[in-house]
Amino acid sequence: MSEKTQIMDDAAMRRSLTRMAHEILERNKGLDDVVLVGIVTRGVALAGRIRDKLAEIEGQTIPCLSLDPTPYRDDRAEARPAKAHVPGLDVLRRRVILVDDVLYTGRTVRAALDAIMDAGRAQSVQLAALVDRGHRELPIRPDFIGKNVPTSREEQVIVRLREVDGEDGVWIAHARS
């Protein structure tokens with residue numbers, strides 16, 4: 001993978017996150033009982049940005065939590081405990097907006113859903129993804145999408161965020177011919 005094509009710059013990312021924040025507000029008729037849960041690593045930074053946009057629009061700050069679903073992965077050799085606990089994940093009777101950078105096969109989201117279910121019964125769970133690249137292996141669909149990007153399985157979507165990587169942008173890395 002050496003040839004890269006940029007598909008979103010910092011301005012496009014900012015516009016997408018602003019639109020997603022408005023869609024979250026419309027779908028939930030405000031922010032009552034809403035909590036953002038970012039999937040480690042870049043989903044956490046994106047959830048923080050969405051939280052800031054929502055506060056800018058509504059003048060109300062909502063909780064923004066972090067979730068590492070690794071112990072819940074079904075594609076890892078190590079078995080997880082019957083009830084793994086995610087500290088600080090308070091979702092009981094909340095409307096959870098699960099945030100990730102790239103939605104691909106759906107396995108990370110499935111693992112995150114298991115972690116949320118173990119933490120308590122949420123009122124609802126909605127999914128926000130900056131990039132939806134297709135190729136789902138599970139029946140999972142995002143409620144809020146920054147950009148749909150048709151890709152081949154040989155391509156890679158690279159999201160870089162200033163909080164983690166020092167710059168903002170989304171690229172597709174193409175396999176060399």
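Everything discussed here concerns the structure shown above.
So, here's what we can say about the structure. As the structure is a prediction and not an experimental result, all values here were calculated from the model.

Moving on: the overall build of the protein chain. Within the protein chain, the regular secondary structure consists of 4 helices and 8 strands. Going from N to C terminus, the protein chain has its helices and strands arranged as β-α-β-α-β-β-α-β-β-β-α-β. Over its C-alpha trace the protein chain gives a radius of gyration of 16 Å, about what one expects of a compact globule, namely 16 Å for 177 residues. Taking the principal axes of the C-alpha coordinates as reference, the protein chain spans close to 50 × 45 × 30 Å. With 177 residues in all, the protein chain has 46% of them scored as buried.

Here we take up the nonpolar core. Counting 30 residues, the largest nonpolar core has Leu54 and Leu130 as its most contacted members. Looking at this core, the elements with two or more residues in it are helix H1 (10-28), strand E2 (34-39), helix H2 (42-58), strand E4 (95-103), strand E5 (124-132), strand E7 (156-160) and strand E8 (169-174). The dominant element in this core, judged by the number of residues it contributes, is H1, at 7 residues. Setting aside anything within four residues of it in sequence, one finds leucine 130 in contact with Met8, Met13, Ser16, Leu17, Met20, Leu46, Asp100, Asp101, Gly146, Lys147, Val159 and Val170. Of all hydrophobic cores here, the second largest spans 21 residues; its members include Tyr72, Leu89, Ala129 and Ile140.

The strand order across the open sheet formed by 3 strands is E1-E8-E7, and the pairing between neighbours is antiparallel. Looking at strand neighbours, the two that pair on one side only are strand E1 (3-8) and E7, the edges of this open sheet. Strand-to-strand twist across the sheet, computed as the mean angle between neighbouring axes with direction ignored, equals 30 degrees. Judged from the 5 bridges that link them, E7 and E8 form a sheet pairing that is antiparallel. Within E8, the residue paired with isoleucine 158 across the bridge is tryptophan 171. Together, E1, E7 and E8 form the strand contacts of H1, whose direction differs from that of E1 by roughly 45 degrees.

What follows deals with unusual backbone geometry. That bond from valine 40 to threonine 41 is cis: its omega, 10 degrees, falls within 30 degrees of zero. Position of threonine 41 among the secondary structure elements: in the loop between E2 and H2.

Let's shift gears to the packing of aromatic side chains. Think of a pair of aromatic rings as described by two things: how far the centres are apart, and how the planes are tilted against each other in angle. What the rule picks out here adds up to 0 aromatic pairs. The ring of tyrosine 104 has arginine 133 lying over it, and the distance from NZ or CZ to the ring centre is 4.0 Å.

Across the sheet, 5 strands lie side by side as E3-E2-E4-E5-E6; this open sheet has parallel pairing. Looking at which strands have only one partner, the edges of the open sheet turn out to be strand E3 (64-67) and strand E6 (144-148). Adjacent strand axes in the sheet meet at a mean angle of 25 degrees when their direction is disregarded. When E2 meets E3, the two strands line up parallel, connected through 4 bridges.

This part covers the pattern of salt bridges. Scanning all chains against the criterion turns up 14 salt bridges. Here arginine 73 and aspartate 75 are joined by a salt bridge, their closest N and O atoms 2.6 Å apart. The partly exposed category is assigned to aspartate 75, whose relative accessible area is 39%. Put simply, arginine 162 and aspartate 168 hold a salt bridge, and the shortest N to O gap is 2.7 Å. On the basis of relative accessible area, aspartate 168 is assigned to the buried category, the value being 14%. When salt bridges that share partners are traced, they join Asp74, Arg107, Arg110, Asp114 and Glu137 into one network.

About the thresholds
Residue positions are given per chain, counting from 1 as you read along its sequence in written order. Since the coordinates come from a predicted model, pLDDT governs what is reported: local features require at least 70, and pairs of side-chain atoms require 80 or more to be given and counted, while whole-chain, interface and lining totals use all residues. Heavy atoms from the whole structure form the basis of all side-chain values; hydrogens and water molecules are not counted. Numbering of helices and strands starts at the N terminus; helices are DSSP runs of H or I of at least 4 residues and strands are runs of E of at least 2. Put simply, the radius of gyration uses C-alpha atoms, and a globule should come to 2.2 Å times the residue count raised to 0.38. Three labels apply to residues, based on accessible area from a 1.4 Å probe with only protein chains included: buried if under 20% of the type maximum, exposed if over 50%, partly exposed otherwise in between. Nonpolar cores were defined as sets of buried Ala, Val, Leu, Ile, Met, Phe, Trp, Tyr and Cys residues, with membership established by side-chain atoms within 4.5 Å. Two residues form a contact once any of their heavy atoms are found within 4.5 Å. Pairing between two strands requires that DSSP report at least two bridges joining them. The axes are straight lines fitted to the C-alpha atoms, using for helices just the contacting stretch, and the angles between their N-to-C directions are given from 0 to 180°. Between 30 and 60 degrees the pair is tilted, below 30 it is stacked and above 60 it is edge-to-face, where a pair is any two Phe, Tyr or Trp rings, Trp via its six-membered ring, whose centres lie within 6.5 Å. Put simply, a charge is over a ring when the Lys NZ or the Arg CZ is close to the ring centre, within 6 Å, and near the line of the ring normal, within 35 degrees. The rule for a salt bridge is simple: a side-chain nitrogen of Lys or Arg has to be within 4 Å of a carboxyl oxygen of Asp or Glu.

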